[in-house]
Amino acid sequence: MNQMPIDKVLILDLETTGLNPNLDDVIEIGVILYSLKYGSIITQFSTLLPTQKDINNAYQTNFIPIELANLNNVEFVQCAIDYFLILIDQAEFIVAHNAEFDKKWFGLDNKLLPKIDKHWVCTFADFIWDKNQKPTSLINTALNYDIAITNAHRALSDCLLISSLFNRLFERNILLSTFTKALTRSDESSLLIYANVGYDERNLAKEFGFFWDNFSRRWKKFLKSSDFDAEKYSYPFDISFDA
């Protein structure tokens, strides 16, 4: 995909009022411009974004009051978006944990965040973390690499966890090789699969990396085709591909 040496990537995370981009809003964005070559943060930035929503349905996750998100005025928000665009232009790739969720909030009609014409690499689906037995949450991945969790589920905090993970790989001289493999995997097709389990079997679904989707009311996960081929016979429950 990219024959030139990879260096600058933009680590990105969002906090939203819910899970549906068509019904909910982004109320915080955090980004870190990171150098893979030097294993270091170049610059970092986060801001709250205003919303027309009366309630933050994700408050128990991100603890952002609607009133706080609405403190930034229009001029400030436009400056923030302009700076965000500059950082995007500086980066070769966008990096996010669960990128499939984050990328769908950009370029929507009547929404603040612009379309991003950059390739995304997911630290959940694309990266193979050598200290993870299987793809897992960002917090669990950080803990597996002995990284302290101080303020989870704010946008910049999650970006800092990813940069700390990159630092760990850089210290072992495997950051560029790990990222290059993830970049190759990012071009591989993904499958959306569902675990057909009842309430009593929910922990089995969790053990295999499925997460509960409130909209479909089912346990689901995205999986690379090669990963599915490797583990499809190990599920102790039925699976399906229907939506």
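What this report covers is the structure whose coordinates are included nearby.

About the cut-offs
Every chain is numbered independently, its residues counted from 1 as its sequence is written. Whole-chain, interface and lining totals are the exception, using all residues; otherwise, since this is a predicted model, local features are given only for residues with pLDDT of at least 70 and side-chain atom pairs are given and counted only at 80 or more. Side-chain calculation: all heavy atoms of the structure are included, whereas hydrogens and water are not. Only DSSP runs of H or I reaching four residues or more are called helices, and only runs of E reaching two or more are called strands; each is numbered from the N terminus. Computation of the radius of gyration draws on C-alpha atoms alone. For the globule rule, the value is 2.2 Å times the number of residues to the power 0.38. Contacts: residue pairs with any heavy atoms within 4.5 Å of one another. For the accessible areas, the method is Shrake-Rupley and the probe is 1.4 Å, while residue cover comes only from the protein chains on display. The sign given to each residue is positive for Lys and Arg and negative for Asp and Glu; His and the chain ends receive no count. Charged side chains are reduced to one point each, which is NZ for Lys, CZ for Arg, CG for Asp and CD for Glu. Only protein chains enter the accessibility calculation, which uses a 1.4 Å probe; a residue is then buried when its area is under 20% of its type maximum, exposed when over 50%, and partly exposed in between. For two strands to pair, DSSP has to find at least two bridges joining them. Inter-axis angles, ranging from 0 to 180 degrees, are taken between N-to-C directions of lines fitted to C-alpha atoms, where helices are fitted over the stretch in contact. When two cysteine sulfur atoms are found within 2.5 Å, that pair is recorded as a disulfide. Throughout this description, the term salt bridge denotes a Lys or Arg side-chain nitrogen within 4 Å of a carboxyl oxygen of Asp or Glu. Helix span, as expected, comes to 1.5 Å for every residue beyond the first.

**Here's the deal with the overall build of the protein**
A count of helices and strands for the protein gives 9 helices and 9 strands. Against the globule reference of 18 Å for 243 residues, the protein gives a C-alpha radius of gyration of 18 Å, in line with a compact fold. Viewed in the frame of its principal axes, the protein has a C-alpha envelope of about 55 × 45 × 35 Å. Taking all contacts inside the protein whose residues are at least 6 apart in sequence as the whole, residues at least 24 apart take part in 67%. Accessible surface, the protein: about 13000 Å² in total, of which carbon and sulfur atoms supply 52%. Where the 23 positive side-chain charges of the protein centre and where its 32 negative ones centre are 4 Å apart.

**Brief notes about unusual backbone geometry**
Even without a glycine there, the phi angle at Asn110 is positive, about 60°. Mapped onto the elements, Asn110 comes out in the loop between helix H4 (99-103) and strand S5 (119-122). We classify Asn110 as exposed; its relative accessible area is 82%. Phi angles above zero are rare outside glycine, and Asn173 is one such case at about 65°. The residue Asn173 is located in the loop between helix H6 (155-171) and helix H7 (175-186) in this model.

**Observations regarding the sheet that holds strand S8 (residues 218-224)**
Spatially, 4 strands are ordered S7-S8-S6-S9 in an open sheet, and the strand pairing comes out antiparallel. The open sheet has two edge strands with one neighbour each: strand S7 (211-213) and strand S9 (238-240). Going across the sheet, the axis of each strand differs from the next one's by a mean of 45°, ignoring polarity.

**Here's the deal with the state of the cysteines**
Scanning all chains against the criterion turns up 0 disulfides. Counting only cysteine sulfurs, Cys159 is the nearest neighbor of Cys122, a cysteine outside any disulfide, at a range of 13 Å. Taking the relative accessible area as the measure of exposure, Cys122 reaches 6% and is therefore buried.

**Observations regarding the pattern of salt bridges**
This structure, assessed with the given rule, holds 10 salt bridges. Close ionic contact of Lys103 with Glu100 constitutes a salt bridge, the shortest N to O distance being 3.9 Å. In this pair, Lys103 and Glu100 are both assigned in helix H4, 3 residues apart and thus about one turn of the helix distant. By relative accessible area, which is 34% here, Lys103 ends up partly exposed.

**A short note on H6**
Over its 17 residues, H6 extends 25 Å from the first C-alpha to the last, a length consistent with the 24 Å expected when each residue adds 1.5 Å. Within H6 the residues assigned to the buried category are Ala155, Leu156, Ser157, Asp158, Cys159, Leu161, Ile162, Ser163, Leu165, Phe166 and Leu169. Phi turns positive one or two residues past the end of H6, at Asn173, with a value near 65°.

**Here's the deal with the sheet that holds strand S4 (residues 93-96)**
Here 5 strands make up an open sheet; going across it, the order is S3-S2-S1-S4-S5 and the pairing mixed. The sheet terminates laterally at strand S3 (40-48) and S5, the two strands that pair on one side only. Strand-to-strand, the axes of this sheet are offset by a mean angle of 25°, without reference to chain direction. Sheet analysis places strand S2 (residues 26-35) next to S3, joined by 8 bridges and oriented antiparallel. In the sheet register, Glu28 faces S3, and the bridge partner there is Leu48. Lying over the sheet, helix H3 (residues 74-90) contacts strand S1 (8-16), S2 and S3, oriented at roughly 150° with respect to S3.

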